[in-house]
Amino acid sequence: MSGVTVFIILAVGVVALAYKRARLKTAAMASAGLFVFYFLFGSDVLFWELLLFVSTLFLTLLSMDDFRKTWVSRPLFNFYKRALPPISATEREAIDAGTVWWEGELFTGKPNWKKLLGSGRPELTDEDQAFLAGPVEALCEMVDPWALHFSAADLPDNILAHIKQHRLLGMIIPKQYGGLELSAVAQAAVMTRVYGLGGIVGNFIGVPNSLGPGELLVKYGTAAQKEHYLPRLARSEEIPCFALTAPLAGSDAGAIPDTGVVCKGQWEGQEIIGMRLNFDKRYITLAPVATLVGLAFRLHDPEHLIGETDDYGITCALIPRDTKGLDIGKRHLPIGDPFMNGPVRGQDLFVPLDTIIGGKEMAGKGWRMLVNCLSTGRVISLPSAANAIAQNALAATSAYARIRQQFGLPIGEFEGIQKPLARIAGLTYIINAGLMHTAQAVAVGAKPSVPSSILKYHCTEMARQVLMDAMDINAGKTVVKGPKNYLAAAYESMPVAITVEGANIMTRNLMIFGQGAIRSHPFILREMALAEHKDEKRAAAEFDALLFEHIGFTNANAARALVFGLSASRLAEAPANSPLQRYYQHLTRLSAAFAMLADVSMLIMQASLKRKEMISARLGDLLSNLYLASLVLKQHEDQGCPPTDEPVVEWACRYLLHRYQQAMHEILQNFPNRVLALKLRLLVFPLGRHFNAPADALERKIAALVLHDTATRRRMTAGIFSALSPYNPIGALNEAMVMADTLAPLEARLKAAVKEGKIPSLLGMALINAAEEAGVINKDEAAQLRDYDRKIMDIIHVDEFDHDAFSRRQAVKKTIRKKAARKKTTKKTGVAAV
C-alpha cells in the first residue's frame, strides 16, 4: 500500500468520521485498524507508520475519561474562564431576552426544514380581514397625506376620532380590557396598511402598539395598574409615549444618566416613600401629545428605604402628564415627515413607588422588561413600515414605468429601467416574507430576539434601496413635492427608520451575531453558564462532556461543508418534491459552513471578536441572508408555489445567496490567521465561488411580470391601500396601468397608421383627433383614448403652487402689522396689547 493510498484513506476516513460525529472510541478503533493494516501490508514508510501510530495513541488517550478530564478538559476549562469576554449586565439581559426560533436551526448547520415549513401560515382570521376592510380601509380613505405632511403636521379631529372609536391604539391590549387583541400577523397587516399613509399616522398608531406602556403593562403590570390603565389605553383616553433615549445614552441604553432616588416626600397631603426623578429625554415619539409617559431611569436607594440594595439599576415607571415637575409638550421636527416627536424632561419630580411598572418588586428589572418587549415589538413596527414603503414603491413605480413613454415606448421596456425595477420587486418580496413569517412565529408564542435585529436592519436597508431605485425610475415625477408625489415623504424620512430602535450600524456590527452567537448557538450559552458555576468540580466535569460534543459538532459541520461543497450541494438535505429543492440544498450547505466558521472565529479570536466589528458584522450577514432566504422559500411554499412567482423567488434566493458568498469571501479575506483562512476557504468553497447575482434574463422576466396587472404583482402589493381615492395616487396609477393594457391594440393601430403615412406624427390629443378624422379609429375608440390621455397627463404632471404659498414675505408683513397695532394700542391706552 503506497503513501498516497494511505493519505486518501486517512483523509476520507477523517471526513467520514467527522461527518457522522463518531465517538472518540470509534475514531480510535478506526485509526488503530488502519495502523495495523498499513503495518502488515503497507510500503513500510516510517512517516506514515509514525503518523498513524501517533493519531491512534492520541485518540486512545482522549477516549480514556480520567486522562481526558485531567489533562485536557480541566486546563481548557480554566483557559476558557480566563478568555471569556466580560459581559455587562445590560448585555446579559439582552442575551437572556426572548426565545430561539429558526435562527437556532441555522446555527446547528443542519436545519430541520420540516420544522420551518410546519410552523403555520401567516393567515388572517375573518375578524382580522373585516377589520382591515372596514375601519382600517375607512381610515385610509380619510387621510390626506400631503395635508398632514405639509400643512397640519398633526392629526385632524375627524381622523383622531376615527382612530379612537375603532381602538386602533389598543391592538395589543387583551379584549378583557377593551382592546382588540390582534395577533402579531394581523398587527403586521394593519401596520403595513397604516404606515403607507405616512409617518404621522403610522407612528401615532404604531408606537402605542409597539414598545411602550401598553405592552409593558400587559406583561409586567400589577393587577391594579392593568385595571386602571389598560381600558383607558384601549379607548385612547390615554395617549402613551415611552421615554428611553437621553442625550448621552442613545444606542448604549444601559448608560442611562437619568436617575430616581428613593426618598420620603409629600404626595396628596401625606408623607410617603416615593422616588425623586431627574431626567432629560429626547427623540420621544408622541411626547408632545402624550398623556401618559413611560419612563426609564436608574433607581438608587441610598437610605435603604425599600431594601438593602444601593443601586437597583434600570427601572420603568408610568408618569401622568399632569404630574408636577414634568416638562412635556415641545416638538422636534423629524426629517422628511413631521410626526409627533419631542423632548421629555423632569426636575425634582416626586412620585409614589406604585408608579413603577409592576410595583416596587420590579425595581431594577426595567432593562429585562424593555428588551423582552423590544424582541417582539421590533418584529412588527419598523419592518411593517419597510413593507409599506416597498409595496407602495413597487405599485407606483411599476405602473408609472408602464404608462410613461419615451422614444415611443413605455420606459419599463428599456433594460436600464428593468434592472432596478426587478430589484424593487425582489427586495419587496424578501421584506414581506421576513416580516409576515417572523410575525407568525410571534403569533404562536415565539419571542425571536435575534430575528428582530435581523429584520430591523435588513428590512430598513432594503427599503432604502427600494426608494433609491424608485426615485431613479420616476425621475422628474418625484423630485417635485406635492399631493401627487408618492415617494418624497418616505424618501426624505428614511434616515429615521435607519436610526431609531437601535441604529443600523450598531445593530449590524454588535447585535445580530454578537447576540445571536451566544443566544442561538447550541453550546455557547451552556458553556458560559458552566464558567460561572459555583461548584467548580461539577462544572469541570460537565464541561468535559459539553466540550467534546461541541468539538464533534464543529468537525461535523466542517465535513458537511466540504462534502456538500464538492457535490455542488446535491448531497445536502432538502424537502422532497419541492420545486425549490436546489435552494434548500444550498441553504443546508451554507448553514453548515456558517456554523463551522462561527465556531472557528470564536475559538481563534475569543474576546477580541467583540472588538472586531467588521468581521462580526459579516458573520451577522451570513446568518441574516440564510434566515431571510429560508423565509422566502417558506412564503412561496405557503402560497402554493404559484409558477408565475418563480422568477421573483429565484431572484430573491440568488440575491441572498450571492450576498452570503460575498460576506463569506470578505471574512476569509480579512481573517487574522491567514494559513487557517486558506484552509477554511477550501472547506467552504472547494469548487470556487459560483453563487452568481441574478442574471439579466431573469430580471427582464420580473419586469414583465410587474409592468402589468398580473396575479404576481397583485400578491406583492396586497398589503397596501390601493383603492381609487382622491388622496391616493396609487389608485390612479393602477387604473391607468390597466387601461394601458386594454388600449394597447388601439395605440398599436395609431403607430401603424403613422408609419404608413395615413396620419401625421403627433402627440396626445392631436394624434387622437387626427386618427379619428382619418377613420383609423371610431368615435367610441377615440373617446376611450382621450379619457386615457387625460388620466395619463394628470398623473405625469407635477404639482404647482402659488408663489405666496412658500414665500415668507406674507407672514413677515402680517407680523409687522401686528407689532405696529400693539404699539399703537399701547400708546393710546398705556396697556400692552396681548
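Here the structure is a predicted model, which means the values were calculated and not measured.

> Describe the overall build of the protein, and please don't skip the residues or the numbers.
If you tally the helices and strands in the protein, you get 32 helices and 9 strands. Across its three principal directions, the C-alpha atoms of the protein cover 110 × 95 × 45 Å. Looking at the protein as a whole, 53% of its 834 residues qualify as buried. Long-range contacts, defined as pairs at least 24 residues apart, comprise 75% of the intrachain contacts of the protein with a sequence gap of at least 6. When the accessible surface of the protein is summed, it comes to about 37,000 Å², and 57% of that surface belongs to carbon and sulfur atoms. Where the 92 positive side-chain charges of the protein centre and where its 81 negative ones centre are 4 Å apart.

> Summarise the pairing of strand 4 (residues 292-300); cite the residues concerned and give the values.
Most of strand 4 sits inside the fold, with 7 of its 9 residues counted as buried. As judged from the 4 bridges shared by strand 1 (residues 240-243) and strand 4, these two strands associate in the parallel manner. Within the sheet, the bridge partner assigned to Ala243 lies in strand 4 and is Leu295. In this structure, strand 2 (residues 259-267) lies alongside strand 4, joined through 3 bridges in parallel fashion. Its bridge partner lying in strand 4, Val261 is registered against His300. Bridge analysis of strand 4 against strand 5 (residues 311-320) gives 9 bridges, and the strand direction is antiparallel. Considered in strand 5, the bridge of Leu299 is made with Gly313.

> Hey, could you go over the packing of helix 19 (residues 504-519) against helix 23 (residues 613-638) for me, with residue numbers and the actual values?
Remark: helix 19 packs on helix 23, axes separated minimally by 7 Å, with the N-to-C direction vectors making an angle of 60 degrees. Considering the angle they form, helix 19 stands oblique to helix 23. In the crossing of helix 19 with helix 23, the sense of the turn from one axis to the other is left-handed. Within the contact between the two elements, helix 19 uses Arg508, Asn509, Leu510, Ile512, Phe513 and Gly514 and helix 23 uses Glu613, Met614, Ser616, Ala617, Arg618, Leu619, Gly620, Asp621, Leu623 and Ser624. Residue classes in the contact of helix 19 with helix 23 are distributed as 7 nonpolar, 5 polar and 4 charged.

> Can you tell me about the environment of Ser183, naming the residues and giving the values?
By the secondary structure assignment, Ser183 is in the loop between helix 10 (157-165) and helix 11 (184-195). Along the sequence, Ser183 and Met171 sit 12 residues apart, while their C-alpha atoms lie 8.4 Å from each other. A polar atom in the side chain of Ser183 sits 3.1 Å from the backbone nitrogen of Ala186.

> Can you break down the pattern of salt bridges residue by residue, with the values?
When the charged atoms of two side chains lie near each other, side chains of opposite charge can form a pair. Inspection of the entire model under this criterion finds 31 salt bridges. Notably, a salt bridge pairs Asp544 with Arg68, separated by 2.9 Å at the nearest N-O pair. Placement of the pair is Asp544 in helix 21 (residues 536-566) and Arg68 in helix 4 (residues 65-83), with a sequence separation of 476 residues. Residue classification places Asp544 among the buried positions, given a relative accessible area of 3%. Given a relative accessible area of 9%, Arg68 falls into the buried group. The salt bridge partner of Asp621 is Arg508, with a shortest N-O separation of 2.6 Å. Of the two residues, Asp621 is situated in helix 23 and Arg508 in helix 19; the sequence distance between them amounts to 113 residues. With relative accessibility at 10%, the residue Asp621 sits in the buried group.

> Report on unusual backbone geometry, specifying residues and quantitative values.
Look at Glu268: it is not a glycine, yet its phi comes out positive at around 55 degrees. Counting through the fold element by element, Glu268 comes out in the loop between strand 2 and strand 3 (270-285). The phi torsion at Ala475 lies on the positive side, around 50 degrees, for a residue other than glycine. For Ala475, the location among the structural elements is in the loop between helix 17 (449-474) and helix 18 (488-499).

> Let's hear about the packing of aromatic side chains: which residues, and what values?
The full count for this structure, using the stated rule, is 12 aromatic pairs. An aromatic cluster of three or more residues is present, and its members are Trp102, Trp113 and Tyr584. When the ring centre of Phe548 is taken as origin, the NZ or CZ atom of Arg68, which lies over that ring, is 5.4 Å away. Here the basic side chain of Arg560 rests over the ring of Tyr19, its NZ or CZ set 5.9 Å away from the ring centre.

> Before we move on, can you summarise helix 31 (residues 779-796) with the specific residues and values?
When the terminal C-alpha atoms of helix 31 are compared, their 25 Å separation across 18 residues agrees well with the 26 Å that a helix rising 1.5 Å per residue should span. Residues of helix 31 that are buried include every one of Glu781, Ala782, Leu785, Arg786, Tyr788, Asp789, Ile792 and Ile795, and no others. Structurally, the start of helix 31 carries an N-cap: the backbone nitrogen of Asp780 is 3.1 Å from a side-chain oxygen of Asn778.

> Outline the nonpolar core, listing residues and values.
Core analysis: the biggest nonpolar cluster contains 239 residues, and Leu139, Ile205 and Ile430 have the highest contact counts within it. With 21 residues, the single largest contributor to this core is helix 15 (residues 366-403). Leu139 has contacts with Ile159, His162, Ile163, Leu168, Val194, Leu197, Val201 and Ile205, leaving out every residue within four places of it along the chain.

> Account for the side chain of Asn387, with residues named and values stated.
You can see Asn387 is positioned in helix 15. Overall, Asn387 belongs to the buried group, its relative accessible area being 1%. Setting aside residues no more than four positions away along its own chain, Asn387 makes contact with Thr192, Ile431, Asn432 and Leu435.

> Summarise the environment of Val262; cite the residues concerned and give the values.
Mapping Val262 onto the fold places it in strand 2. As for Val262 and Arg538, which are separated by 276 residues in sequence, their C-alpha atoms are 41 Å apart. Residue contacts for Val262: discarding those within four places in its chain leaves Ile273, Gly274, Met275, Leu299, His300, Asp301, Pro302, Leu305 and Ile306.

> Which residues make up the environment of Pro338, and what values do they have?
Here Pro338 is to be found in the loop between strand 6 (326-328) and strand 7 (341-352). Given a relative accessible area of 8%, Pro338 falls into the buried group. Separated by 101 residues in the primary sequence, Pro338 and Ala439 have C-alpha atoms spaced 28 Å apart. Beyond its immediate sequence surroundings of up to four residues, Pro338 is in contact with Leu148, His149, Ala153, Ile200, Arg331 and Leu333.

> Describe the confidence of the model for the protein, with residues and values.
Per-residue confidence for the protein averages 89 on the pLDDT scale, and 92% of its residues sit at or above 70. pLDDT under 50 marks residues 829-834. Its contacts with residues more than four places away, or in other chains, come to 7 contacts.

> Lay out the side chain of Ser624 with the relevant residues and their values.
Looking at where Ser624 falls in the secondary structure, it is placed in helix 23. A relative accessible area of 0% means that Ser624 is categorised as buried. Once residues within four sequence positions are removed from consideration, Ser624 is found in contact with Ile454, His458 and Ile512.

> Describe in detail a nonpolar patch on the surface, supporting the description with residues and values.
Taken together, the side chains of Val4, Ile8 and Val12 make up a nonpolar region of the molecular surface, amounting to roughly 280 Å² of accessible area. Looking at where Val4 falls in the secondary structure, it is placed in helix 1 (residues 3-19). Judged by relative accessible area, Val4 falls into the exposed class, the value being 58%.

> Can you break down helix 29 (residues 744-755) residue by residue, with the values?
Compared with the 16 Å implied by 1.5 Å per residue over 12 residues, the 16 Å span of helix 29 between its first and last C-alpha is a close match. Packed against the buried residues of helix 29 are helix 30 (764-773) and helix 31. Just downstream of helix 29, Gly757 is the residue with a positive phi angle, here 85 degrees.

Analysis parameters
Residues numbered from 1 in each chain as written. Predicted model: local features only at pLDDT ≥ 70, side-chain atom pairs only at ≥ 80, totals over all residues. Heavy atoms only, no water. Helix = DSSP H or I, 4+ residues; strand = E, 2+ residues; numbered from the N terminus. Buried < 20%, exposed > 50% of the residue type's maximum accessible area, 1.4 Å probe, protein only. Contact = heavy atoms within 4.5 Å. Areas by Shrake-Rupley, 256 points an atom, 1.4 Å probe, with all protein chains shown as cover. Lys, Arg positive; Asp, Glu negative; His and termini not counted. Charge placed at Lys NZ, Arg CZ, Asp CG, Glu CD. Pairing = 2+ DSSP bridges. Axes fitted to C-alpha atoms, helices over the stretch in contact; angles between N-to-C directions. Parallel < 35°, antiparallel > 145°, perpendicular 65-115°, else oblique. Left-handed = near helix turned anticlockwise from the far one by under 90°. Nonpolar A, V, L, I, M, F, W, Y, C, P; charged D, E, K, R; others polar. Polar contact = N/O pair within 3.5 Å; in protein donor to acceptor, adjacent residues only side chain to side chain. Salt bridge = Lys/Arg side-chain N within 4 Å of Asp/Glu carboxyl O. Phe/Tyr/Trp six-rings, centres within 6.5 Å; stacked < 30°, edge-to-face > 60°. Lys NZ or Arg CZ within 6 Å of the ring centre and 35° of its normal. Expected span 1.5 Å × (residues − 1). Core = buried A, V, L, I, M, F, W, Y, C linked by side-chain atoms within 4.5 Å. pLDDT = per-residue confidence, 0-100. Patch = residues over 30% accessible without salt bridge, like charges linked within 9 Å, V, L, I, M, F, W, Y side chains within 5 Å.

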